[in-house]
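# Structural characterization, general
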Amino acid sequence: MVTTFRDTLSQLLKARVPVLQICSYEEQRVLAEIAAVAHDAVRVRTPRGLWTWSATRGLVPPDGNRRQGTTDLAAALDAAWRIDEPAVVVLADPHPALGAGGRPADPGVVRRLRELAVAYRSGPVSRTLVLLSPVPDLPVELTRDVTVVDFPLPTEPEIRAVLEGIIAANVAGGRIRIALDERGRERLTKAALGLTLHEAENAFARAMVDDGVLDARDLSLVHEEKRQAVRRSGLLEFFDEPVPLGNVGGLENLKRWLGKRDGAWLAEAAGYGLPTPRGVLITGVPGCGKSLTAKAVAAAWGLPLLRLDIGKIFAGLVGSSEQNMREAIRVAEATAPCVLWLDEIEKGFAGGAGGDSGTSARVFGSFLTWMQEKTRPVFVIATANDFAALPPELLRKGRFDEIFFVDLPTRAERASIWGLHLARRLRHPAVAGELIVDDALLTELAGLSDGYSGAEIEQAVVGGLVDAYAERRPLCRDDLLRALVNMVPLSVTQAERIAAVRSWAEHRAVAATAAEDWDLDARPSPGPGRPGGGPGGRALEF
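No experiment lies behind these values; they were computed from the predicted model shown.

Here we come to the overall build of the protein chain. A tally of helices and strands in the protein chain yields 24 helices and 15 strands. For the protein chain, with 542 residues in total, the buried portion stands at 50%. Sequence separation of 24 or more characterises 78% of the internal contacts of the protein chain that already satisfy a separation of 6 or more.

In terms of nonpolar packing, the biggest core is built from 40 residues, with Leu236, Leu308, Leu340, Leu342, Ile345 and Phe349 touching the most fellow members. It is helix H16 (residues 359-373) that contributes the most residues to this core, six residues altogether. Those residues in contact with Leu236 that sit more than four places away from it in its chain are Val230, Leu306, Arg307, Leu308, Ala328, Val331, Ala332 and Leu340. Counting residues in each nonpolar core, the second largest holds 29 residues, with Val280, Val339, Val406 and Ile498 among its members.

Bringing unusual backbone geometry into the picture now. Note: most residues except glycine have negative phi, and most peptide bonds are trans. Omega for the peptide link from Ala336 to Pro337 comes to 0°, which places this bond in the cis form. Residues other than glycine seldom take positive phi values, yet Arg16 does so here, at roughly 60°. Along the chain, Arg16 turns up in the loop between helix H1 (5-14) and strand E1 (19-23). A positive phi is found at Glu344, a non-glycine position, where the angle reads about 50°. Looking at where Glu344 falls in the secondary structure, it is placed in the loop between strand E12 (338-342) and helix H15 (345-348).

Attention shifts here to the pairing of strand E5 (residues 127-133). Burial analysis of E5 places seven of its seven residues in the buried class, which makes it a mostly covered element. On E5, burial covers both faces: Arg127, Leu129, Leu131 and Ser133 on one face and Thr128, Val130 and Leu132 on the other are all buried. The sheet contact formed by strand E4 (residues 87-92) and E5 spans six bridges and is parallel. Following the sheet pairing, Ala87 is matched in E5 by Arg127. Between E4 and its parallel partner E5, the chain crosses via helix H5 (residues 107-122), and the hand of that crossover is right-handed.

Take the pattern of salt bridges next. Throughout the structure, instances matching the rule amount to 28 salt bridges. Arg425 is paired through a salt bridge with Glu458; the nearest N and O atoms lie 3.3 Å apart. Of this pair, Arg425 sits in helix H18 (residues 411-425) while Glu458 is found in helix H21 (residues 454-470), placing the two residues 33 residues apart along the sequence. According to the relative accessible area criterion, Arg425 is partly exposed, its value standing at 29%. Between Asp467 and Arg482 there is a salt bridge whose closest N-O contact spans 3.4 Å. A residue pair is termed long-range when its members are at least 10 positions apart, and Asp467 in helix H21 and Arg482 in helix H22 (residues 477-486) qualify at 15 residues.

The subject of this paragraph is H21. Given 3.6 residues per turn, any residue in an α-helix points the same way as the ones three and four places further on. Here H21 is 17 residues long and its end C-alpha atoms lie 25 Å apart, about the 24 Å a rise of 1.5 Å per residue gives. The set of residues buried in H21 consists of Gly454, Glu456, Ile457, Ala460, Val461, Gly464, Leu465 and Ala468. Directly after H21, the chain includes Arg472, whose backbone phi takes a positive value near 50°.

On inspection of all chains with the given rule, the structure shows five aromatic pairs. Between Phe5 and Phe151, the aromatic rings sit 4.8 Å apart at their centres with planes inclined by 85°, giving edge-to-face as the arrangement. Remark: Phe151 occurs in the loop between strand E6 (147-149) and helix H6 (156-171) and Phe5 occurs in helix H1; sequence separation between them is 146 residues. The exposure class of Phe5 is buried, given its relative accessible area of 7%. Ring geometry for Trp257 against Phe404: centres 5.5 Å apart, planes inclined by 75°, an arrangement best described as edge-to-face. Separated by 147 residues along the polypeptide, Trp257 in helix H10 (residues 252-260) and Phe404 in strand E14 (residues 402-406) bring together distant segments of the chain. Like Phe404, Trp257 is buried. In this structure an aromatic cluster arises from ring pairing among Trp265, Trp301 and Phe379. Sitting over the face of the ring of Tyr469, Arg472 holds its NZ or CZ atom 4.0 Å from the ring centroid.

The next subject is the side chain of Arg29. Mapped onto the elements of the fold, Arg29 is located in helix H2 (residues 27-38). Arg29 sits in the buried class, given a relative accessible area of 13%. Arg29 has contacts with Phe151, Pro152, Leu153, Pro154, Glu158 and Leu197, leaving out every residue within four places of it along the chain.

Here we come to the pairing of strand E10 (residues 279-284). Working note: regular strand, side chains alternate between the two faces of the sheet. Burial analysis of E10 places six of its six residues in the buried class, which makes it a mostly covered element. The side-chain alternation of E10 yields two buried faces, one formed by Gly279, Leu281 and Thr283 and the other by Val280, Ile282 and Gly284. Where E10 lies against strand E13 (residues 378-384), five bridges are found, and the strand directions are parallel. By the bridge assignment, Thr283 is partnered in E13 with Ala384.

This part is about the confidence of the model for the protein chain. Here the protein chain averages 83 in pLDDT, while 89% of its residues score no lower than 70. Counted against residues more than four places away or in other chains, residues 520-534, with its pLDDT under 50, gives 34 contacts.

A few words on the sheet that holds E10. Spatial ordering of the open sheet is given by E9-E11-E12-E13-E10-E14-E15, a layout of seven strands whose pairing is mixed. Sheet topology places strand E9 (236-239) and strand E15 (510-511) at the edges, where each strand pairs with a single neighbour. Here E14 runs beside E15; their pairing, made up of two bridges, is parallel. Bridge pairing in E15 places Phe405 opposite Ala511. Of the strands in this sheet, E9, strand E11 (305-308), E12 and E13 are in contact with helix H14 (residues 320-335), which crosses E11 at around 175°.

Interaxial distance between helix H20 (residues 439-448) and H22 falls to 11 Å at its minimum, and their mutual angle equals 15°. Our classification of the angle between H20 and H22 gives roughly parallel. For the pair H20 and H22, the crossing hand works out as right-handed. Residues Leu441, Glu444, Leu445 and Leu448 of H20 pack against Arg477, Leu480, Leu481 and Leu484 of H22. A per-class count over the contact of H20 with H22 returns six nonpolar, no polar and two charged.

About the cut-offs
- All residue numbers refer to positions counted from 1 along the written sequence of the respective chain.
- Totals for whole chains, interfaces and linings use all residues, but because this is a predicted model, local features are given only for residues with pLDDT of at least 70 and pairs of side-chain atoms are given and counted only at 80 or more.
- With hydrogens and water stripped out, all remaining heavy atoms of the structure feed into the side-chain values.
- Only DSSP runs of H or I covering at least 4 residues are called helices, and only runs of E covering at least 2 are called strands; the numbering of each starts at the N terminus.
- Burial classification: accessible surface area is computed with a 1.4 Å probe over protein chains only, and a residue below 20% of its type maximum counts as buried, one above 50% as exposed, and the rest as partly exposed.
- Here, two residues are considered to be in contact whenever any of their heavy atoms come within 4.5 Å of each other.
- Residues grouped as a nonpolar core are buried Ala, Val, Leu, Ile, Met, Phe, Trp, Tyr and Cys residues, joined through side-chain atoms within 4.5 Å.
- Each pair of strands is called paired provided DSSP finds at least two bridges between the two strands.
- When the strands point away from the viewer, a crossover counts as right-handed if the path from the first strand over the helix to the second runs clockwise.
- Any Lys or Arg side-chain nitrogen found within 4 Å of a carboxyl oxygen on Asp or Glu counts as a salt bridge.
- Take the number of residues in a helix, subtract one, and multiply by 1.5 Å to get its expected span.
- Ring pairs shown here join Phe, Tyr and Trp side chains whose ring centres sit within 6.5 Å, with only the six-membered ring taken for Trp; geometry is labelled stacked below 30 degrees between planes, edge-to-face above 60, and tilted in between.
- Two thresholds decide whether a charge sits over a ring: the Lys NZ or Arg CZ must be within 6 Å of the ring centre and within 35 degrees of the ring normal.
- The score called pLDDT rates the predictor's confidence residue by residue, from a low of 0 to a high of 100.
- Helix axes are fitted only over the stretch in contact, all axes being lines through C-alpha atoms; the angle between N-to-C directions runs from 0 to 180 degrees.
- If an angle is under 35 degrees, it is roughly parallel; if it is over 145, roughly antiparallel; if it lies from 65 to 115, roughly perpendicular; otherwise it is oblique.
- What makes a crossing left-handed is the near helix being turned counterclockwise from the far one by less than a right angle; a clockwise turn instead makes it right-handed.
- When residues are grouped by polarity, Ala, Val, Leu, Ile, Met, Phe, Trp, Tyr, Cys and Pro land in nonpolar, Asp, Glu, Lys and Arg in charged, and all others, Gly among them, in polar.

Here it is as structure tokens:
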């Protein structure tokens, strides 16, 4: 059974816990929840009056008549001490006096709070003090006297109620058109999870006034609100520019697998008994589209893409790295549903075996535990180039739904990659000239670029453009051929390493390339692990 905030608060009030701390930006929503519990005789047996304090209004009792001379926090605590009736006293934004942000705490306030905790705990009537602010900082003297209570962000039903309310308030006037079916409303609601009610309402209102229509395209405006929260954390990077999945050449097996899981976090999928997809690990030859796929799947699913830079997690202060990982996970879950991308994960968690007092192991362990136990729809895409550096704990079932191996592109994939890069670069008439990009040219280029990665094919196009620009003329076929001849691909310089990667993947990963795209001719192979000319990895079809 899920314990709600009201359940937790009622238990603490009945237990006469003297001082609570609630961290939230939603002050009015917190006050409404506290009032609902404090006034409920069923939940707390003895109803309590709600007192509030702020630096502008001072101490205000339930009758609304302000207590004079209590705008100073120390004076307000003295007045709260003298309350002789059942009460919940909420202090709004007391953190400046408690040493938040590195400021020195007011010793008089700290001392009064400690003594007030003793008085409330043993007094004849039930009284509880609540410290309400968006900042969790507390002076060390109070850490054992204050009980921290988590206040969750709005639930899906609460955000759906905001959406329906703003629709009802504006659609009657005829100036706003609603083009959302039930599935669309669910997607919009889920996209706003992680926002406060105020932020969600702002996002929905902005979507309506943008073009007078509320439809599926307005997901991007909701993601804009989430982007602000992600940037404030400083630990995650929010990718703004979506990459269409069609811009990824080849990898049809991986694309089909991802396509079948589009929308798997929705209630409709839960009705089928489907669990929320956990994530995928993509390993293979460098420069063959692993990172590009991570960017493209978020765009295809209409979800925000967050990149976790492991280097930002590790900091100099003892214990701060673990806290940074917890904060990054919290932000990702608050942004859910989303895609969380970890690029070259083997490098991020390596190097801590010696000299860091086990910090890397603890951070990695907490990340693995979260991946195993997470319930929020955060789809993790991790990419890796060095399979030997991958910890075995990361590869066990339950962490990822599947492990895919991305090999050097096949002939069909190379033709697709050439076509994509040439189409993107030849949009300007001064560049295109008389070059005709047809099947014959793509087939020729695909044959000549055997053993080249997608990144190397892109650089060949760029190299041809450099030659053409140097002579101020359009790009021609010979420019591309010259760029290929002058480039030594990774399959030559790292032949032994690629052979080892293929051998490892043959029985441990699924081929990202579809079987129908395999090269069945006698193309050169840098090493073993490609029986029948197929790429490394188990040849499953999705």
